[in-house]
Amino acid sequence: MRQNGSTGAEIIQALIESSDTYESKTEYSKEKWLKKKQEKYYTVVEVTKPSGYTLCNCYFKKHHKKINGLRPDSLANMLLKTNINAMNKSVFVIEETGGLLVGAVAERMGGNGVLINMCVKENPNIALANFFNLGEDNFSVICNLQYKELLSISKGESLIQPVENIDLTTISDEKRRQILTLREQRTKKRIKKREELEAAVHDGVQALIIAITGDALPYVKALWPFLRPGMPFAIYSEYTQTLIECHEALKRSEGAIDLDLSESWFREYQVLPNRTHPLNGMSGGSGYVLTGLKVKSELGEGALEALVKGTAIPATPQPSTSTATTTEESGPNKKQKTGHEDQQ
Amino acid sequence: TKMALLLPKKFIEVGDPVVLYSGRGNIQLIRIEPGKTTNGKHGNYPHDALVGVEYGSKIVSKHGSGYVHALYPSPELWSQGLDHRTEILYASDISIITMYLELKPGMVVVESGTGSGSLSTAIARTIAPTGHLYTYEFHGPRAEAAREDFKANQLDKFVTVTHRDVCAEGFHPIPVDAVFLDLPSPWTAVPHAAKVLRPNKRVCSFSPCIEQVQRTCLALVENGFHEIRTIECLTRPFDIREIDAESGHDIRKLAKKRAREGVELSVTNYPRKTHCVTVPRASIKGHSGFLTFARKMLPESK
């Protein structure tokens, strides 16, 4: 019937008529049977705007490995504990969730401040951040940074390369002038963001969020000196082992308070008259999250570093072109069009 | 203008809010006043000694008997220390509400009831600086107390408190991007929510009892909502211990016990094999409320 172009309603009607047992079913059974048939033959598609909520739900159901098993409630918990908002100036993000975490954080920053995306691998895969439909302003908070660049900035170097000013009035071709004007505006914005980034490195970054697949402690240790005292951090892992390590190191170095290791328990309900009960299927877990607040350690600035000897961030290969220049697109994955460019 | 809860500073100055943190749930929120001293469980803390100190520092009490950490009050810390005029929403539910209502900067949000203002503060943080929260409270004195709190935290720019019974009278006729209901009879407020909520935007109702949830879901269906989901979310915290692999004893507790007996036992150089383990906390919050979310359909979709 499908191939002949019958509508879903017609197919279901035919199924009802040909069913031996339909009439003898109870009202509730009929409803359940109909619902099942509708799911199969009467597909309704809903077009929804993407958001952290819809994207995380979607990816958790279909491709949860791509997002490191991060369930919406765990993501929500991390965003709350790290106080992400549009008034903050900076946040460190280290993620291996394909860009979901970066997008979800950027979504809450309203175009203000810098989201310092620390690159775990040379070319950070934050493709999912493009699906948030953030718009150019919101997307512009995302700044990729290599660890060696962070160290250079902290030593007083500036990685911002001055850009030659082109006198636009000398360009006669209207279209070319428009393109160059736009490019100049974009470059100015990028430079401004890089300046904010470098200021944040000196001033102390206001939050640290980590969601990677391997050990988190080397990254915590490396970024710890740049996190401002009193500011929150949240570390997600599918396993407790690395979080226990971080907890012990932070506790022993007296560098953190309000330490909390938790998992999130999440259950959905079917709510129908006389048939309300939790759904039979349930997500078994979504990792663990360690949160806390950095404090100034009585044992000194280098206490954590000294305690955790011999654990260094894996060396990243030398990039062929510097990612710190602002004349190039220093956004995610140059090959892919970033979302805002389509909104010309 | 300084926005106290939303622009953390580095150094403490006169007039600044400071959280004196001495353990989870053990916080005191103070405002620096010259000449004043705050007395707490862990000693006395003269305010003058805090001026110029960096937030995030350990502060030893006046007579050295105890210490606290001085922190900048985030909305979460503020909630931990606030006056519970009503049962408050905890981080677990607040985090879900924030995400599942798709809250972001610039949104206009409606909430009822205001209660102690813990969720209101969290919402204001997420939608600032360009958004606005209209919060409605049925209880007069509570509405006034909330208004004063928001003013003290310099959130009054983002939050308008209205003393009103929204179930009877509805909301201000301003189109909004999200509605949150924490009411005894939320199903009576659902039609009012439907009137002010923009299409494709979301509503959330928080109810402790399943009977309330059932009536609310029916009301949502009848008032042009779809994507109706009822969920429950709890936090399962773990304690982390280091235990002696053979005896199973918590070595930190053991070291303290030995110290009382006059025997030295090092934790950092414990003589035998140890394991770092996680143990689920013995007693936890098992229920706060059910959260029901729904999305308003486009008028033509009904």
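All values derive from a computational prediction rather than experimental measurement.

**Student:** Give me the overall build of chain A: which residues, what numbers.
**Tutor:** If you tally the helices and strands in chain A, you get 11 helices and eight strands. Every one of the 344 residues in chain A was classed for burial, and the buried ones make up 51%. In chain A, the proportion of contacts linking residues at least 24 apart, taken out of those at least 6 apart, comes to 78%. Here chain A displays about 17300 Å² of accessible surface, and carbon together with sulfur accounts for 50% of that area.

**Student:** So what's going on with the interface of chain A and chain B? Residues and values would help.
**Tutor:** Bring the parts together and some accessible area is lost; that lost area is often taken as the interface size. Taken together, the contacts link 60 residues of chain A with 62 residues of chain B. Interface of chain A and chain B: buried area, both sides summed, is about 5300 Å²; carbon and sulfur atoms make up 59% of it. Contact with chain B buries surface across chain A, with A:Tyr53, A:Leu80 and A:Met87 losing the most and accounting together for 15% of the total. A:Arg252 is the salt-bridge partner of B:Glu242, the closest N and O atoms lying 2.8 Å from each other. Seen at the junction of chain A and chain B, the total is 20 residue pairs in polar contact (both at pLDDT 80 or more). If you list the elements that add at least two residues to the side of chain A that touches chain B, you get α3 (52–62), α4 (72–81), α8 (174–203), α10 (241–252), β6 (256–270) and β8 (288–294) of chain A.

**Student:** For the packing of aromatic side chains, give the residues involved together with the corresponding values.
**Tutor:** Aromatic ring pairs are defined here through the distance separating the ring centres and the angle between the ring planes. Considering all chains together, one arrives at nine aromatic pairs over all chains under this definition. Their ring planes at 80° and their centres at 5.0 Å tell us that A:Tyr269 and B:Phe290 sit as a pair that is edge-to-face. With A:Tyr269 in strand β6 and B:Phe290 in strand β14 (residues 290–296), this pair bridges two chains. Since its relative accessible area comes to 12%, A:Tyr269 is described here as buried. Residue class for B:Phe290 comes out buried when judged on its relative accessible area of 8%. Taken together, the aromatic side chains of A:Tyr53, A:Phe266, B:Tyr100 and B:Phe293 make up a single cluster linked through ring pairs. Over the aromatic face of B:Tyr67 sits the side chain of B:Lys58, whose NZ or CZ is 4.0 Å from the ring centroid.

**Student:** An account of the environment of B:Lys296 is needed here, citing residue identities and associated values.
**Tutor:** Residue and element names in this part refer to chain B. The topology assignment puts lysine 296 in strand β14. Taking the C-alpha atoms as reference points, lysine 296 and phenylalanine 138, 158 residues apart in sequence, are found 25 Å from one another. Filtering out sequence-adjacent residues up to four positions away, lysine 296 remains in contact with Ala194, Leu197, Arg198, Pro199, Asn200, Lys201, Gly224 and Phe225. A polar side-chain atom of lysine 296 sits 2.8 Å from the main-chain carbonyl oxygen of alanine 194.

**Student:** Run through the pattern of salt bridges, naming residues and quoting values.
**Tutor:** This structure, assessed with the given rule, holds 31 salt bridges over all chains. Overlapping salt bridges bring together B:Glu102, B:Arg202, B:Glu227 and B:Arg295 as one network.

**Student:** Could you give an account of empty space enclosed by the protein, naming the residues involved and the relevant values?
**Tutor:** Enumeration according to the criterion identifies four cavities of 30 Å³ or more in this entry. Taken together, A:Ser51, A:Gly52, A:Tyr53, A:Leu79, A:Ala104, A:Glu107, A:Arg108, B:Thr98, B:Met99, B:Glu102 and B:Leu103 form the lining of the second largest cavity. When the residues that make up the lining of the second largest cavity are grouped by side-chain class, the tally is five nonpolar, three polar and three charged.

**Student:** Quick rundown of the nonpolar core? Include the residues and the values.
**Tutor:** All names here are of chain A. Ranked by size, the top nonpolar core spans 76 residues in total, and within it Leu75, Met78, Val91, Val105, Leu115 and Ile142 carry the most contacts. Tallying contributions element by element places helix α5 (residues 100–107) first for this core, with six residues. Every residue in contact with leucine 115, bar those within four places of it in the chain, is listed here: Val91, Val93, Val102, Val105, Ala106, Met109, Val141, Ile142 and Cys143. Counting 42 residues, the second largest nonpolar core, distinct from the first, contains Ile116, Trp224, Cys246 and Leu261.

About the criteria used
Residues numbered from 1 in each chain as written. Chains lettered and ligands numbered in written order. Predicted model: local features only at pLDDT ≥ 70, side-chain atom pairs only at ≥ 80, totals over all residues. Heavy atoms only, no water. Helix = DSSP H or I, 4+ residues; strand = E, 2+ residues; numbered from the N terminus. Buried < 20%, exposed > 50% of the residue type's maximum accessible area, 1.4 Å probe, protein only. Contact = heavy atoms within 4.5 Å. Areas by Shrake-Rupley, 256 points an atom, 1.4 Å probe, with all protein chains shown as cover. Buried area = accessible area lost by both parts, 1.4 Å probe. Salt bridge = Lys/Arg side-chain N within 4 Å of Asp/Glu carboxyl O. Polar contact = N/O pair within 3.5 Å; in protein donor to acceptor, adjacent residues only side chain to side chain. Phe/Tyr/Trp six-rings, centres within 6.5 Å; stacked < 30°, edge-to-face > 60°. Lys NZ or Arg CZ within 6 Å of the ring centre and 35° of its normal. 1 Å grid on protein atoms, 1.4 Å probe; cavity = no way out; pocket = protein on both sides within 12 Å on 5 of 7 lines; lining within 4 Å. Points joined across faces, edges and corners; volume = space filled by probe spheres on them. Nonpolar A, V, L, I, M, F, W, Y, C, P; charged D, E, K, R; others polar. Core = buried A, V, L, I, M, F, W, Y, C linked by side-chain atoms within 4.5 Å.

Function cannot be inferred from these measures alone, as they are strictly geometric.
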